[in-house]
Amino acid sequence: MCCFESSRHAKPTGFSPIPLAHPKKSSPIFLKSQQLAVFQRKGENPPHGLHNPRPMMLSAILLATALPQKPEPKLELVDELLAIVNDNVLTRRDVHLAAADSFGGQPSPELINRAFTNLLSELLFREGFRMTGGDEAALDNYVSDELDRRAKELGSLAALNRHLALQGKTIEDEAKQIRAFALSLLYRQKEFGHAPSKGEGYKVKMYVSPAEMLAYYNEHLNDFQHEARVLARLITIRPTPEIPDTLAFLKKLRAEIAAGEKVFAIQARDFSSYKPTLGGSTGHFNPKTENRVGQKPIRDFLLQASTGELSEPIPLPSGWGALVLAESVEAEGVMPFSEAQLTIRDMLLKEQAEAIFRESINRLRQRCYLWGPRVDIALDSLVGETSRDPEEEL
């Protein structure tokens, strides 16, 4: 039986053979197959040169498949959606552009996470701006004016385009960032009471009264404990051809300072080798534990000096000499309220701002549609409810 007949009449064997194209009746392959079938039916061997055409067909098929084929197009991830806030979207590209713009170079995963959190909060504040009746038309004008200003600084709009392209950004990217920042800033101004909110006037007024500061001071006295410290000025002089005898020079200078004829800080600026630009000031330090002035005779004087005391000329090695003014000497104890007051005020104002910020974020979270696998983690970190897992990266 010919191979074609066997393939037509054989019973199924459980799988289908690879389909091959049938030759046309006018083709040489078809004619040879018919001649071969005659010899096979008679049980005779075909003459040399008459052979099974199927290998020729297979060769033709293999040759066709070996020809260069057009490659299939590759699918590449161009961007990735990270978060949705109402009708605003935040993509991976947005985050990486913001991170590079804020921190420069190739930002670390930690800085990229920070950029994601900042952008997410800006999207929330943008929605807050809309909810409080913000004038978006005026905001559009601001964005346009800001882009015009930057283009003029660089010479033209084309120059601005080239400048942004070097950062991997477009004009649209820049406009989006300017608008997002302005929206969040305007909303925060309303929340913190720096600008009126529609129909509500000023929502809050951040203020700390003197009574609140004093109460905090009395409740946290341990926080204002300090060790003994002094604030001094030094004039240190080495021998030179102009001043061969440093102690004689300092003795005369001391008399002029004590008489009020000269100012210690000015003389330190003009003559001292110790911090002349600071008028010889040591800053506050504890002479018992800090070796800020170097020479032991100077520290010994400061350990027993009282406020305003001016030393006698102090001889130092190699012919050097020193004159010391103890501007302030404080024993170990509690910082006076008058000195702690500004620190307390700033601390309490910061606490107020953080409380307003947390309340604002949580209120917007309730009013906005939010989506994103890391949205809750990022917003929780903003309001201090949890910390971001350092192993999780965007």
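What you are looking at is a predicted structure, and each value in this text was computed from that prediction instead of being measured.

What counts and how
- Residues numbered from 1 in each chain as written.
- Predicted model: local features only at pLDDT ≥ 70, side-chain atom pairs only at ≥ 80, totals over all residues.
- Heavy atoms only, no water.
- Salt bridge = Lys/Arg side-chain N within 4 Å of Asp/Glu carboxyl O.
- Helix = DSSP H or I, 4+ residues; strand = E, 2+ residues; numbered from the N terminus.
- Buried < 20%, exposed > 50% of the residue type's maximum accessible area, 1.4 Å probe, protein only.
- 1 Å grid on protein atoms, 1.4 Å probe; cavity = no way out; pocket = protein on both sides within 12 Å on 5 of 7 lines; lining within 4 Å.
- Points joined across faces, edges and corners; volume = space filled by probe spheres on them.
- Nonpolar A, V, L, I, M, F, W, Y, C, P; charged D, E, K, R; others polar.
- Core = buried A, V, L, I, M, F, W, Y, C linked by side-chain atoms within 4.5 Å.
- Phe/Tyr/Trp six-rings, centres within 6.5 Å; stacked < 30°, edge-to-face > 60°.
- Pairing = 2+ DSSP bridges.
- Contact = heavy atoms within 4.5 Å.
- Axes fitted to C-alpha atoms, helices over the stretch in contact; angles between N-to-C directions.

A closer look at the pattern of salt bridges
By the definition in use, this model includes 25 salt bridges. Residue K296 pairs with D300 through a salt bridge whose shortest N-O separation is 2.9 Å. Separated by four residues within a single helix, K296 and D300 lie in helix α12 (residues 296–304), roughly one turn from each other. For D300, a relative accessible area of 35% gives the class partly exposed. With a closest N to O distance of 3.4 Å, D376 and R365 form a salt bridge. Taken as a pair, D376 in helix α14 (residues 375–382) and R365 in helix α13 (residues 337–367) lie far apart in primary sequence, eleven residues in all.

Re the layout of surface pockets
Space left empty within the atom packing is revealed by a probe, the size of a water molecule, rolled over the atoms. Of the volumes computed, that of the largest pocket is approximately 460 Å³. If you go around the largest pocket, you meet 22 residues; those closest to its centre are A98, L119, E122, Q177 and A180. Contributions of two or more residues to the lining of the largest pocket are made by β2 (88–91), α4 (92–103), α5 (109–131) and α8 (171–191). Here the lining of the largest pocket gets seven residues from one element, more than from any other, and that element is α8. Taken together, the residues that form the lining of the largest pocket break down as eleven nonpolar, three polar and eight charged.

Considerations on the nonpolar core
Core analysis: the largest hydrophobic core is formed by 30 residues, its most contacted members being L90, V95, F116, L120 and L124. The set of elements that each furnish at least two residues to this core consists of β1 (81–85), α4, α5, α8, α13 and α14. It is α5 that contributes the most residues to this core, nine residues altogether. Within the second largest apolar cluster, 15 residues are counted, among which are V230, I298, I314 and V324.

What to know about the packing of aromatic side chains
All chains considered together, the criterion is met by four aromatic pairs. Between Y217 and F224, the ring centres sit 5.4 Å apart and the planes meet at 40°, which makes this aromatic pair tilted. The exposure classification of Y217 matches that of F224, with both residues buried. Taking 5.2 Å as the distance between ring centres and 65° as the angle between the ring planes, the aromatic pair formed by F249 and F271 counts as edge-to-face. One end of the pair, F249, is in helix α10 (residues 246–258); the other, F271, is in helix α11 (residues 264–271), and 22 residues separate them in sequence. Here F249 falls in the partly exposed class, since its relative accessible area comes to 24%.

Some details on the pairing of strand β7 (residues 321–330)
Counting buried positions along β7 gives eight out of ten residues, so the element sits mostly inside the fold. Pairing of strand β4 (residues 229–237) with β7 involves nine bridges; the strand directions are antiparallel. Bridge pairing in β7 places R233 opposite L325. When strand β6 (residues 314–315) meets β7, the two strands line up antiparallel, connected through two bridges. Residue pairing across strands places I314 opposite A322, the latter belonging to β7. From the end of β6 to the start of β7, which pair antiparallel, there are five residues, and S318 there has a positive phi angle of about 65°.

What about the sheet that holds β1?
Pairing in this open sheet of three strands is antiparallel, and the strands run β2-β1-β9 from one edge to the other. Each edge of the sheet is formed by a strand with only one pairing partner; in this case those strands are β2 and β9 (370–371). Bridge analysis of β1 against β9 gives two bridges, and the strand direction is antiparallel. When the bridges of β9 are listed, I84 appears paired with W371. Each of β1 and β2 is contacted by α4, which is oriented at about 65° to β2, the strand it contacts most. Against the sheet, α5 contacts β1, β2 and β9, and its axis sits at roughly 170° relative to β2.

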